[in-house]
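Each chain, letter by letter, is given below.
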Amino acid sequence: MKRKHSLVLVPLIGLSMALTACGSDDSGSDDSGTGSEGGGDAGPGKVGVILPDTESSVRWESADRPALQAAFDAAGVEADIQNAEGDAERMTQIADTMIGDGVTVLAIVNLDSESGAAIQEKAAAQGVATIDYDRLTLGGSAEYYVSFDNTVVGELQGQGLADCLGDKEANIVYLNGSPTDNNATLFSEGAHSVLDEMDNYTVVGEQAVPEWDNEEAATIFQQLYTAADGKVDGVLAANDGLGGAAISILEGAGQAGKVPVTGQDATVEGLQNVLSGTQCMTVYKSATQEAEALAEVAIALANGEDAETTGTTVDSSDDSEVPSILLEPQSITKDNVGDVIEDGGVKAEDVCSGDFAKMCADAGIS
Ligand code: BGC
């Protein structure tokens with residue numbers, strides 16, 4: 001189906017009032033933190049958000065959920081945030097219930113484009129506007145896409161691995177994300193665009209990890225490692241979970257810390273691995289920024305207004321252009337782990353627990 005940017009929405013009584021916490025009639029309140037409380041009596045429209053799972057990355061529950069809740073609370077908009085637990089049918093049921101409950105805007109992190117597109121089509125039929133959060137739904141009908149620049153994420157990973165490997169000849173294994181996740185394609189393309197330019201590197205194995213499953217990633221990496229006779233000098237792992245899986249196998253082979261491994265999400269575990277030297281880098285994507293961007297777009301849609309975008313993203317399935325807000329990811333190495341903590345991405349006490357206290361102190365993190 002064709003994307004329509006001009007979806008006509010039933011105006012939301014009360015939403016704009018709830019958004020202007022200080023009683024001004026002026027709309028366009030795009031800032032947060034006004035301290036208004038959700039759920040004014042006029043009953044602002046409810047926004048539904050469906051997160052994908054709890055296993056492919058800890059980010060969804062530990063970073064996105066609290067950031068989303070905070071962003072919607074700050075805007076005084078009621079949000080129903082649920083998690084599909086890795087089950088596309090469950091996501092469909094949650095979406096049906098949310099639509100039945102009268103959400104006016106529905107944001108999803110799809111588990112695959114097909115089920116995501118079906119959810120969006122049903123929502124549109126009920127006059128509910130949809131947003132792709134973090135993952136683009138190919139062939140979908142979302143009005144907006146809110147994410148980070150995922151090609152840049154891959155480029156940072158590629159460059160990070162190159163920085164850790166240096167000029168020597170090196171054999172690289174790629175552990176890519178789920179084949180059903182458009183982001184995984186972009187991460188891999190971004191990384192290849194950097195590493196393929198360097199003629200001292202050879203790809204000795206590359207595989208996508210279904211559903212970003214960390215356990216399966218360990219099995220896959222073990223197979224690739226064995227097939228390469230253990231002659232692996234660097235691992236381009238698409239996120240911290242997959243990186244951790246590769247590190248566990250490298251540990252068994254006595255190679256952890258000697259073979260650089262990349263990651264993404266700046267999770268507590270990923271940052272600890274960066275501090276201890278078993279992981280060469282991770283990519284930080286502020287959940288606060290992404291959640292606030294989503295809240296702004298959702299509110300604009302609910303008000304029948306256009307949201308501010310940074311550009312468009314091409315849906316490779318039909319070449320349609322989706323108005324997008326793409327944020328800037330940040331590369332994290334041992335030198336700037338503290339940036340993630342300062343930005344509130346993770347807590348120092350979580351990263352610097354137990355054995356990591358000394359590593360944090362050495363890295364100037366308190
Ligand atoms: C997200 C990553 C995440 C991965 C697994 C991707 O779509 O952009 O941040 O690590 O999914 O959940």
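Bear in mind that the values here come from a model prediction, so they are computed numbers and not experimental data. (Residues numbered from 1 in each chain as written. Predicted model: local features only at pLDDT ≥ 70, side-chain atom pairs only at ≥ 80, totals over all residues. Heavy atoms only, no water.)

With respect to the sheet that holds strand E5 (residues 144–148)
Phase 1 of the analysis: If you walk across this open sheet you meet the 7 strands as E2-E1-E3-E4-E5-E11-E10, and the pairing is mixed. This sheet does not close on itself; its edge strands, each paired only once, are strand E2 (79–83) and strand E10 (311–315). If you compare each strand with its neighbour and ignore which way they point, the axes differ by 30° on average.
Phase 2 of the analysis: Of the pairings in the sheet, the one linking strand E1 (residues 46–51) to E2 comprises 5 bridges and is parallel in character. Residue pairing across strands places Gly48 opposite Asp80, the latter belonging to E2.
Phase 3 of the analysis: Contacting E1, strand E3 (103–108), strand E4 (129–133), E5 and strand E11 (320–327), helix H10 (residues 287–302) crosses the sheet at an angle of about 165° to E4. (Pairing = 2+ DSSP bridges. Helix = DSSP H or I, 4+ residues; strand = E, 2+ residues; numbered from the N terminus. Axes fitted to C-alpha atoms, helices over the stretch in contact; angles between N-to-C directions. Contact = heavy atoms within 4.5 Å.)

Re the environment of Glu143
Phase 1 of the analysis: If you trace the backbone, Glu143 turns up in the loop between E4 and E5.
Phase 2 of the analysis: Spatially, the C-alpha atoms of Glu143 and Ala298 are 10.0 Å apart, while their sequence positions differ by 155 residues.

Some points on the packing of aromatic side chains
Phase 1 of the analysis: Per the counting criterion, the structure on display carries 2 aromatic pairs.
Phase 2 of the analysis: Seen in terms of ring centroids, Phe187 and Trp212 are 6.2 Å apart; in terms of plane orientation they differ by 65°. Their pairing is edge-to-face. Of the two residues, Phe187 sits in helix H6 (residues 182–195) while Trp212 sits in the loop between strand E7 (201–208) and helix H7 (214–227), which places them 25 residues apart along the sequence. Comparing Phe187 with Trp212, the two get one shared label, buried.
Phase 3 of the analysis: Above the plane of the ring of Trp60 lies Arg59, whose end atom (NZ or CZ) is 3.9 Å from the centre. (Phe/Tyr/Trp six-rings, centres within 6.5 Å; stacked < 30°, edge-to-face > 60°. Buried < 20%, exposed > 50% of the residue type's maximum accessible area, 1.4 Å probe, protein only. Lys NZ or Arg CZ within 6 Å of the ring centre and 35° of its normal.)

What to know about the site of the ligand
Phase 1 of the analysis: The environment of the ligand is formed by 14 residues, the closest being Ser56, Arg59, Asp134, Asp181 and Asp265.
Phase 2 of the analysis: A distance of 2.6 Å separates an oxygen atom of the ligand from a polar atom in the side chain of Ser56.
Phase 3 of the analysis: For the ligand, an oxygen atom lies 2.9 Å from a polar atom in the side chain of Trp60.
Phase 4 of the analysis: Here the ligand, which alone exposes 310 Å², has 100% of that area covered by the protein.
Phase 5 of the analysis: Looking at the shell around the ligand, the elements that each hand over two or more residues are helix H2 (59–75) and H6.
Phase 6 of the analysis: In the shell around the ligand, the residues fall into 3 nonpolar, 5 polar and 6 charged. (Near = heavy atom within 4 Å. Polar contact = N/O pair within 3.5 Å; in protein donor to acceptor, adjacent residues only side chain to side chain. Areas by Shrake-Rupley, 256 points an atom, 1.4 Å probe, with all protein chains shown as cover. Nonpolar A, V, L, I, M, F, W, Y, C, P; charged D, E, K, R; others polar.)

Concerning helix H8 (residues 240–252)
Phase 1 of the analysis: With 13 residues, H8 ought to run about 18 Å at 1.5 Å a step, and its terminal C-alpha atoms sit 18 Å apart, in line with that.
Phase 2 of the analysis: Within H8 the residues assigned to the buried category are Asp240, Leu242, Gly243, Gly244, Ala245, Ala246, Ile247, Ile249 and Leu250.
Phase 3 of the analysis: Contacts from the buried residues of H8 go to strand E6 (170–176), H7, strand E8 (234–237), helix H9 (268–276) and strand E9 (282–284).
Phase 4 of the analysis: The opening residue of H8, the one whose side-chain oxygen lies 3.1 Å from the backbone nitrogen of Gly241, is Asn239.
Phase 5 of the analysis: Looking one or two residues past H8, Gly254 carries a phi angle of roughly 70°, positive in sign. (Expected span 1.5 Å × (residues − 1).)

Quick look at the nonpolar core
Phase 1 of the analysis: Counting residues in hydrophobic clusters, the biggest one holds 35 residues, and the most contacted among them are Val49, Leu68, Phe72, Ile131, Tyr133 and Leu294.
Phase 2 of the analysis: Contributions of two or more residues to this core are made by E1, H2, E2, E3, E4, E5, H10 and E11.
Phase 3 of the analysis: For this core, the leading source of residues is H10, giving 11 residues.
Phase 4 of the analysis: When sequence neighbours within four positions are dropped, the list of residues in contact with Leu294 reads Val49, Leu68, Phe72, Ala107, Ile131, Tyr133 and Val146.
Phase 5 of the analysis: With 29 residues, the next largest nonpolar core counts Phe187, Trp212, Ala228 and Val283 among its residues. (Core = buried A, V, L, I, M, F, W, Y, C linked by side-chain atoms within 4.5 Å.)

Brief notes about helix H3 (residues 88–100)
Phase 1 of the analysis: Given a rise of 1.5 Å per residue, 13 residues ought to cover 18 Å, and the 18 Å separating the end C-alpha atoms of H3 matches this to within 8%.
Phase 2 of the analysis: By the burial criterion, the buried members of H3 are Met91, Ile94, Ala95, Met98 and Ile99. Here the buried residues of H3 occupy an arc of 135° about the axis, which is enough to place them on one side. Set apart from the buried face of H3 by more than 90 degrees, the exposed residues are Glu89 and Gly100.
Phase 3 of the analysis: Structurally, H3 contributes buried residues whose contacts are with E1, E2, E3 and helix H4 (113–125).
Phase 4 of the analysis: With a side-chain oxygen lying 2.9 Å from the backbone nitrogen of Glu89, the N-terminal cap of H3 falls on Asp87. (Arc of directions from axis to C-beta.)

Comments concerning the state of the cysteines
Among covalent bonds in proteins, the disulfide is the one between the sulfur atoms of two cysteines.
Phase 1 of the analysis: For the coordinates displayed, the defined rule picks out 1 disulfide.
Phase 2 of the analysis: Here Cys352 engages in a disulfide with Cys360; their sulfurs sit 2.0 Å apart. A torsion of -85° about the S-S bond marks the disulfide between Cys352 and Cys360 as left-handed.
Phase 3 of the analysis: Residue classification places Cys360 among the buried positions, given a relative accessible area of 1%. (Disulfide = S-S within 2.5 Å.)

Focus: the pattern of salt bridges
Phase 1 of the analysis: Applying the stated criterion across every chain yields a total of 7 salt bridges.
Phase 2 of the analysis: Among the salt bridges present, the one from Asp134 reaches Arg59, with a minimum N-O distance of 3.3 Å. Here Asp134, found in the loop between E4 and E5, pairs with Arg59, found in helix H2; they are 75 residues apart in sequence, far enough to count as distant.
Phase 3 of the analysis: Classification of Asp134 as buried rests on a relative accessible area of 2%. (Salt bridge = Lys/Arg side-chain N within 4 Å of Asp/Glu carboxyl O.)

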